[in-house]
Amino acid sequence: MSENIDSILHEDRQFPPSDTFVKQAEIKAADLQALYDFAEKDYEGFWEQQARDYLDWHVPFKSVLDSSNAPHFKWFKDGEINVSYNCIDRHLTLHADKTAIIFEGENGDVMEITYDVLHKAVCQFANALKANGIRKGDRVVIYMPMTAEAVVAMQACARIGAVHSVVFGGFSAESLKDRIEDAGAKMLITADGGFRGGKIVELKAAADKALASGCPTIEKVVVLMRTNHGVKMKTGRDAWWHEMIVGCDIVCEPEWVESEHPLFLLYTSGSTGKPKGIQHSSGGYLLGAATTMNWVFDIREDDVYWCTADVGWITGHSYVTYGPLAAGGTMLIYEGAPTVPDGGRFWKLIQDHKVTTFYTAPTAIRALMKLGDDIPNKYDLSSLRLLGTVGEPINPEAWMWYHKVIGQEKCPIVDTWWQTETGANMIAPVPGVVATKPGSCTRALPGIDADVVDKAGNPITQANAGGFLVIKKPWPSMLRTIWGDDKRYVDTYWGEFNNRYYVAGDSVRKDADGYFWIMGRIDDVLNVSGHRLGTMEVESALVAHERVAEAAVVGRPDEIKGEAIFAYVVLRGARPKGGVDETLTKELRAWVSEQIGPIAKPDDIRYADNLPKTRSGKIMRRLLRSIAKGEAITSDTSTLENESILEQLQGKA
Ligand code: PRX
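Source: prediction; values computed, not measured. (Residues numbered from 1 in each chain as written. Predicted model: local features only at pLDDT ≥ 70, side-chain atom pairs only at ≥ 80, totals over all residues. Heavy atoms only, no water.)

With respect to the site of the ligand
1) Next: Taken together, 17 residues are adjacent to the ligand, and Asp-415, Thr-416, Thr-420, Asp-506 and Arg-532 come closest.
2) Next: In the model, a nitrogen atom of the ligand is placed 2.7 Å from a nitrogen or oxygen of the Asp-415 side chain.
3) Next: Between the ligand and Gln-419 there is a distance of 3.0 Å, counted from an oxygen atom to a side-chain nitrogen or oxygen.
4) Next: For the ligand, the protein covers 96% of the area, taking 530 Å² as the surface of the free molecule.
5) Next: For the shell around the ligand, the secondary-structure elements that each account for two or more residues are helix H13 (314-326), strand S20 (413-416) and strand S25 (516-521). (Near = heavy atom within 4 Å. Polar contact = N/O pair within 3.5 Å; in protein donor to acceptor, adjacent residues only side chain to side chain. Areas by Shrake-Rupley, 256 points an atom, 1.4 Å probe, with all protein chains shown as cover. Helix = DSSP H or I, 4+ residues; strand = E, 2+ residues; numbered from the N terminus.)

In structure tokens form, the structure reads like this:
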């Protein structure tokens, strides 16, 4: 931990919002103070008030927080609500003709959808789902390109109380299969393909492969025609989206569900075992998304808001599908890669659609920064008023570039810390009030009791001393459990401090101003391009290859991706001569890509006769991490059976 602290301690620049920004900001200093005071004085009363202000309830709740079965907390449990109604219907009276979604495909096609049209599309698709036997509580897996229809599919599930589980389109058939099976999904919604990076992503082919190898619960596959490149359809099982909706009514009464009814599952990596199906609720989850659209994104009537995240990640749930619509906003959805046809695509999109609010990941910022200032300087970015980042700590250099070149020194940057599990932003600046510091996510939001504690669970009060990031009180948008595994939920998030606190799994320090600085994960989870990957998953994929006997995977810092994947592999049979076998390395990388998806592909693979282990047989990961970084070995290696493997691990023999 200490080396991390030292490397970022030097950052003491502060950037208060400009007077212009402050003047038009939704939340001013006094408002924010009032929110903090309210939450401090009456925590439940505070959330009760927000739930009444931000959401429309079909049956109002009386109970605010039920802790009787902690840590399985319940929020607003006797209230009834529908998430899709809150995202669409309630805006129809005043805003039926307002643009809800501007969609631009990678190939340049543009489509604008008003709230009225979105309503009809969602209702019609919801009726089609019902006609195909989908009912409240059924699981529907969505494996789609980043299109407006992906949002329609999610909203349609929400409308009828079906539980969606979106699987990122970049995941392989194998990963898709695991998730479908864990969720026990009845239906799969996919597309023939998607356009990304100048190529067609073969979604239907991957879906077919997944279904051919298992997934007995799937009864129906719905296929959106996006690329129209001629895919095979299986009679009786597969149906084209556009054919399935024919004759379905454009009115669909929302299914009113209890507030705790699961809205979705979203799989995320842990340090051990298979991915966890993070289960979110309806009312509490939506409240987190809705409040933060206001507090953090300062969303206004005339904004054109753009979050670049794919719907396959939590950011694409809370800040594409749900938050912006709950706030009645106008948002941009872009299908493709930031570099098609060139590295100016994002900036052109901002110019063409007059984007005011831009929310992306540090990895994208770093990649685009590398291409030079000339590219963004060619575009008119003057419509921007607010910038945001999420997914990993942003390095001050990238922050300054974002601030100067993209924000032209007038846009606050909201660095938002949160997780799949938290549902919504937790630690982030309220942009019209809080001065930002490059690399810090600043302060916990109102109603979020975040702190830094030591190993014994005691708060660390000394400035800049690192510890565990914990949340001390339950909050409405928190995960409810891990699908089908309550015990794993309790053990993973509450076990560390005996059910007292939610443990995020990140290490953090607070500076003298009380600002949070995230230092990284405390477990064996990699953060590649802002997405979590379990080292375990990559290791299992490697050992599933017939030539691999054992594998250990660690992260090493990477300029663009945050972390790159470094794999140490022990083969069945002899180690390649001099540790080099380029053909096999290529094959293993492609293998992992097929098993999990391209983001999991190891950047480096090193072959050794053995892995370094402690006497108890545990892999010495810290040692492997320093080797991956190219550092000198300082840890005690005297227990190693075969010291000569050190040279092999270091690539010297
Ligand atoms: O380590 C933290 C990092 O991403 C993890 C959560 O990953 P995931 O569930 O995939 O969600 C990513 C998008 C919300 C956290 O435990 N992380 C996320 N945001 C930040 C961050 N680290 C530093 N600063 C952030 N703003």
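Considerations on the sheet that holds strand S18 (residues 357-360)
1) Next: The 7 strands are arranged S5-S4-S17-S16-S18-S19-S20 in an open sheet whose pairing can be described as mixed. Only two strands of the sheet have a single partner each, and these edge strands are strand S5 (110-114) and S20. Each adjacent strand pair in this sheet contributes to an overall mean axis angle of 20°, direction not counted.
2) Next: As judged from the 5 bridges shared by strand S4 (residues 99-104) and S5, these two strands associate in the antiparallel manner. (Pairing = 2+ DSSP bridges. Axes fitted to C-alpha atoms, helices over the stretch in contact; angles between N-to-C directions.)

What about the environment of Ser-18?
1) Next: Counting through the fold element by element, Ser-18 comes out in the loop between helix H1 (2-8) and helix H2 (19-24).
2) Next: Judged by its relative accessible area of 28%, Ser-18 is partly exposed. (Buried < 20%, exposed > 50% of the residue type's maximum accessible area, 1.4 Å probe, protein only.)

Observations concerning the side chain of Thr-114
1) Next: Relative to the elements of secondary structure, Thr-114 occurs in strand S5.
2) Next: Within polar-contact distance, the side chain of Thr-114 engages the backbone nitrogen of Val-117 at 3.1 Å.

Overview of the nonpolar core
The nonpolar side chains of a soluble globular protein tend to be buried with one another.
1) Next: In terms of nonpolar packing, the biggest core is built from 168 residues, with Ile-101, Phe-125, Leu-129, Leu-188, Ile-189, Trp-241 and Trp-295 touching the most fellow members.
2) Next: A per-element tally of this core places helix H8 (residues 148-160) first, with 10 residues.
3) Next: Leave out the neighbours within four places in its chain, and Ile-189 touches Phe-125, Leu-129, Val-140, Val-141, Ile-142, Tyr-143, Met-144, Ala-153, Val-222 and Trp-241.
4) Next: Counting 30 residues, the second largest nonpolar core, distinct from the first, contains Trp-347, Trp-399, Trp-401 and Val-405. (Core = buried A, V, L, I, M, F, W, Y, C linked by side-chain atoms within 4.5 Å. Contact = heavy atoms within 4.5 Å.)

Here's the deal with the environment of Val-433
1) Next: Note that Val-433 resides in the loop between S20 and strand S21 (450-453).
2) Next: We classify Val-433 as partly exposed; its relative accessible area is 26%.
3) Next: A C-alpha to C-alpha distance of 9.5 Å links Val-433 and Asp-31, two positions 402 residues apart in sequence.
4) Next: Not counting chain neighbours up to four residues away, the residues in contact with Val-433 comprise Pro-17, Ile-27, Lys-28, Ala-29 and Leu-32.

Examining unusual backbone geometry
1) Next: In this chain, Ala-70 is followed by Pro-71 through a cis amide linkage whose omega measures 5°.
2) Next: Assignment of secondary structure puts Pro-71 in the loop between strand S1 (65-66) and strand S2 (74-75).
3) Next: For the peptide bond that leads from Val-340 to Pro-341, omega is 0°, which places it in the cis range.
4) Next: Take Pro-341: it is sitting in the loop between strand S17 (330-334) and helix H14 (345-353).
5) Next: At Gln-408, a position not held by glycine, the phi torsion is positive, near 50°.
6) Next: With respect to the element layout, Gln-408 can be found in the loop between helix H17 (396-406) and S20.
7) Next: One non-glycine residue, Asn-464, adopts positive backbone phi at about 70°.
8) Next: Note on placement: Asn-464 falls in the loop between S21 and strand S22 (467-471).

Quick word on the sheet that holds strand S15 (residues 276-280)
1) Next: The mixed open sheet is built from 8 strands, whose spatial order is S12-S11-S8-S6-S7-S14-S15-S23. Whereas interior strands pair on both sides, the edge strands pair on one side only; in this sheet they are strand S12 (238-240) and strand S23 (481-482).
2) Next: Packing against the sheet, helix H10 (residues 203-212) makes contact with strand S6 (139-143), strand S8 (187-191), strand S11 (220-224) and S12, and its axis sits at approximately 155° to S8.
3) Next: Along the sheet, H13 contacts strand S7 (163-166), strand S14 (264-268) and S15; its crossing angle with S14, the most-contacted strand, is approximately 145°.

Some remarks on the state of the cysteines
1) Next: The final tally for this structure, using the stated rule, is 0 disulfides.
2) Next: Left without a disulfide partner, Cys-215 is nearest to the cysteine sulfur of Cys-157, which lies 17 Å away.
3) Next: Given the relative accessible area of 4%, Cys-215 is considered buried. (Disulfide = S-S within 2.5 Å.)

Observations concerning helix H9 (residues 173-183)
1) Next: All of the buried residues along H9 are Ala-173, Ser-175, Leu-176, Lys-177, Arg-179, Ile-180 and Ala-183.
2) Next: Tucked inside the fold, the buried residues of H9 contact S6, S8, H10, S14, helix H19 (535-543) and helix H20 (582-595).
3) Next: Backbone geometry just downstream of H9 places Gly-184 in the positive-phi region, at approximately 60°.

Here's the deal with the packing of H19 against H20
1) Next: H20 packs onto H19 with a crossing angle of 120° between their chain directions and a minimal axis gap of 9 Å. On the basis of the axis angle, H19 is oblique to H20. Regarding H19 and H20, the two cross each other, and that crossing is right-handed. In this structure, H19 uses Val-538, Ala-541 and Leu-542 to contact H20, whose residues at the interface are Leu-588, Trp-591, Val-592 and Gln-595.
2) Next: Taken together, the residues of the contact of H19 with H20 sort by class into 6 nonpolar, 1 polar and no charged. (Parallel < 35°, antiparallel > 145°, perpendicular 65-115°, else oblique. Left-handed = near helix turned anticlockwise from the far one by under 90°. Nonpolar A, V, L, I, M, F, W, Y, C, P; charged D, E, K, R; others polar.)

The analysis is restricted to geometry; functional conclusions fall outside its scope.
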